[in-house]
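# Understanding the architecture of this molecule
Chain residues, written in single-letter form:
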Amino acid sequence: MPHSTGSDRFNEAIIIFARFCMEDIMYQADTIQTETTDFDFIESIGHTWPRIGELITDLYHDQAIETRMGRLRHIGAIWYSQGGSADILTELGLALAERLSLARGLVISELLLAYGATQEEQRTRDWETHLLNRVAELDGLHRIICAANSTLDLDASLQMVVETVAQVVGVEVCSIYLYEYHRNELVLRATHGLNQASVGQAVTRVGEGVTGWAAQLGAPVAVRDIFEDPRYMIEPQPGEQVFHSMLAVPIVLFSAGRFQYSADKLLGAISIQTRGPRDFTQEENNFVEVVAGELAFFITNAQLYQQTDDRLHQKVLELTTLQQVSKHIAEQIGLREVLNLIAEKAVDLSKANHADIFQLNDDGTLQLAASYGNNMRDKVHTFAVETVRTGQPLAVLNAYQDERFPELAQVAQHEGFHSIFCMPLRAREHTIGSICLYTNQPHHFDYDQVRLLSTFADEAAIAIENARLYDESQRALAVKSAMLQEMHHRVRNNLQTISALLAMQLRRLNSSSQDAQALRESVARIQSIAAVHNLLCREDVGVTTMAAVIRQVIESASTGLVSSEHPVQFDVLGDEVRVGSRDATVLALIINELISNALAHGLSTEGGCVEIEATINDDHVTVEVRDDGPRHPRPPESSSGHGGGLGLQIIETLVSDDMGGSFELVPGDEWMRARVRFPRRVMNGEPE
């Protein structure tokens, strides 16, 4: 038994149905008397549908039964395509059966079978078209979702959406408007079919036009011809061509209740347009609604991402600015420069128009310490005083209507501000001033701006406190400097008194005796120490230079140890080496002993040349005293050279114990060299 298909079963059912209808109709045909003849009925059908009339005429001439059956089936198919009813077709079959002398059941069955088959084919084509449309819609939704998930570039994704919707629905224009909350307007952000120059420029107010009306209603609005509908104004056309039909669907982010619509959830609207009048189907309406729903989530995510990205950049900018301010505070001593920088950065980051920083003086009065953005400030206002008095932030939203400060309206009009926010400056639990921000428009300072201003207030307080501490330290340093200089002055005077007493004792002794020589050396040592204190009482507190110490020692030594008969030339060479008071005293004694040794043993016969050179190398200081004694004859008592004596013992002790260095004598054919090497100590304010 062959397998029967669905189509075969349908045909069998049609045949059975046709047979029942035929029997019933045959019964009625026998009993009902019509007013017109079969001929007149057939003629009227031919005049109404000429193509069917032609086929009926062909039936009269065709004698072959198969040909006639084919003509009948053709008539049944055309009858359905022309919208004819099955009842009239049955009447036509009865009339044709009489005229053609054919069996009524045969004629009617052929007509109805062809009629039903054509009807089924049409339904199949409709379903195919419907399915193809749904496939196109699903493909369009897939592309829209992929575009939404593949990038966070809102404009590029919206452009992809309008092109996809226009292609799927088959319209000339598709546009997307985004809602601007503060202006209550819809701004064109993407379009297909309109002038691209209108993107970002075309604006529709909510409630105006088809798009604005849909946004206000929160529901789709379809207009077959906007020029024939009196409810709507003519939609603004940013393109060059006029469009008639329009469907606008709001883009709304709904809450848990699907249709709990509110204005704060409106994100925009999507509209489609055609050049000619058109009735949009329910399927097209549903598709655009689904697209609007997807857009709602995508736009929300993109806006949240943009807001997060903007906030992140703002935080990075704030941190960078605060780091710059902190670095400036650490590097700069001048208070005004730091406070001006803080005022400038506070204005930039808080989007204010200008800022003032007030400082509390010791007498309890406020003075303007820094300002940015406004040069009209000529006095301290009561709101700044109030902020310092209470130690609490002060906000004035409308300076023209604040009852707390009646005089503020006149000040605001004169200086051009509208809103104010003041933050106290606190250091060590005490209020030391305030920082105030001004805006030219009404502005509420939110939490982030208040927190940022609080940070700037802390930085300003640190700067003011650092400046105060610096001033105090400078004053204390000046006092201590004067005291130390006075102390060095008195020590120098005492040493000079001792030196004078020893010089008086020296005149009572034989100048060539050993006692006189010992006293002369002691006087030279005391004068060297006195010379160092003389330097320290005139220069920076506790700091001098190696060259200055050497010159003072040379001046003292040459006075007492060099005779006019045997002149000695002294040269000071080398680097600029700064030394403290303790090292300067020790170095003065060392250099004095080295010069005394050179004068006593190497240059006593004819005089000569002494060079003292100080150099810095590898964090060590080297002092070399060299004389050209080997070039000159020596007295018999100095045949032992530079080898021994109390002076060298003093040098070795001072270099090793006090300076932590080393000492050596380097004899030569022309120069005798005494070399002292010790670690360098970095002085305050000196680069390492």
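Residues numbered from 1 in each chain as written. Predicted model: local features only at pLDDT ≥ 70, side-chain atom pairs only at ≥ 80, totals over all residues. Heavy atoms only, no water.

### Observations regarding the pattern of salt bridges
Summed over the entire model, instances satisfying the criterion amount to 18 salt bridges. Its salt-bridge partner being Glu284, residue Arg278 comes within 2.4 Å of it at the nearest N-O pair. Using a relative accessible area of 14% as the deciding quantity, one classes Glu284 as buried. Through salt bridges with shared partners, a single ionic network connects Glu611, Glu613, Glu624, Arg626, Glu664, Arg673 and Arg675. (Salt bridge = Lys/Arg side-chain N within 4 Å of Asp/Glu carboxyl O. Buried < 20%, exposed > 50% of the residue type's maximum accessible area, 1.4 Å probe, protein only.)

### Let's talk about the sheet that holds strand β1 (residues 173-180)
A sheet is described by the order of its strands in space; here 6 strands give the open sequence β3-β2-β1-β6-β5-β4, paired in antiparallel fashion. Among the strands making up the open sheet, the edge pair consists of β3 (203-205) and β4 (221-223). Geometrically, the sheet is characterised by an average inter-axis angle of 25 degrees between neighbouring strands, direction not taken into account. As paired elements, β1 and strand β2 (residues 185-192) share 7 bridges and run antiparallel to each other. Paired with Tyr179 across the two strands is Leu186, which belongs to β2. (Pairing = 2+ DSSP bridges. Helix = DSSP H or I, 4+ residues; strand = E, 2+ residues; numbered from the N terminus. Axes fitted to C-alpha atoms, helices over the stretch in contact; angles between N-to-C directions.)

### Let's talk about helix α3 (residues 50-61)
Given 3.6 residues to a turn, an α-helix orients residues that are three or four positions apart in the same direction. Given a rise of 1.5 Å per residue, 12 residues ought to cover 16 Å, and the 17 Å separating the end C-alpha atoms of α3 matches this to within 8%. Where α3 is concerned, the buried positions are Ile52, Gly53, Leu55, Ile56 and Leu59. Down the axis of α3, the smallest arc covering the buried residues is 165 degrees, so these residues share one side. Among the exposed residues of α3, those pointing more than 90 degrees away from its buried face are Pro50 and His61. (Expected span 1.5 Å × (residues − 1). Arc of directions from axis to C-beta.)

As far as function goes, none of this settles anything; it's purely spatial.
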